[in-house]
Amino acid sequence: MTVALMWEARAVPGRGEDLLAWARAQELDAEPLRRETFRAPQDRVLVITWWDAPYDGDLPELPEPGPELVTRAVHRWRFESVGVG
């Protein structure tokens, strides 16, 4: 089964590039099948990792950044793939 973990944070105004750099620099305890990093308006950063694991498996996730970088707690979601197309 393929499971995707989504991690999304909103930076303090003007700190979007810092949050993006911070997210890219974070290492996980294991290597995912795939990892993508995105940015969006309002200094948002999104990281999605894909894993070959059960939905409720113990998977490494990105931590919370320091309060100097974000305006709120990180949002996290877990999804399971139901196919492509």
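This text goes with the structure placed above it.
Visitor: Which residues make up the packing of aromatic side chains, and what are the values?
Guide: Taken as a whole and assessed by the stated rule, the structure comprises one aromatic pair. Each ring, one from Trp-7 and one from Trp-22, has its centre 5.9 Å from the other, and the planes form 25°; the classification is stacked. Linking Trp-7 in strand β1 (residues 2-10) with Trp-22 in helix α1 (residues 16-25), this pair joins segments that are 15 residues apart in sequence. For Trp-7, a relative accessible area of 3% corresponds to the buried category. If you follow Arg-34 out to its NZ or CZ, it ends over the ring of Trp-50, 4.4 Å from the centre.

Visitor: Please provide a residue-by-residue account of the pairing of strand β2 (residues 34-40), values included.
Guide: Alignment of β2 against strand β3 (residues 44-52), held across seven bridges, turns out to be antiparallel. Residue Arg-39 lies in a different strand from β3, and its bridge partner there is Val-45. Between the end of β2 and the start of β3, which pair antiparallel, lie three residues, with Gln-42 showing a positive phi angle near 65°.

What counts as what
Residues numbered from 1 in each chain as written. Predicted model: local features only at pLDDT ≥ 70, side-chain atom pairs only at ≥ 80, totals over all residues. Heavy atoms only, no water. Phe/Tyr/Trp six-rings, centres within 6.5 Å; stacked < 30°, edge-to-face > 60°. Helix = DSSP H or I, 4+ residues; strand = E, 2+ residues; numbered from the N terminus. Buried < 20%, exposed > 50% of the residue type's maximum accessible area, 1.4 Å probe, protein only. Lys NZ or Arg CZ within 6 Å of the ring centre and 35° of its normal. Pairing = 2+ DSSP bridges.

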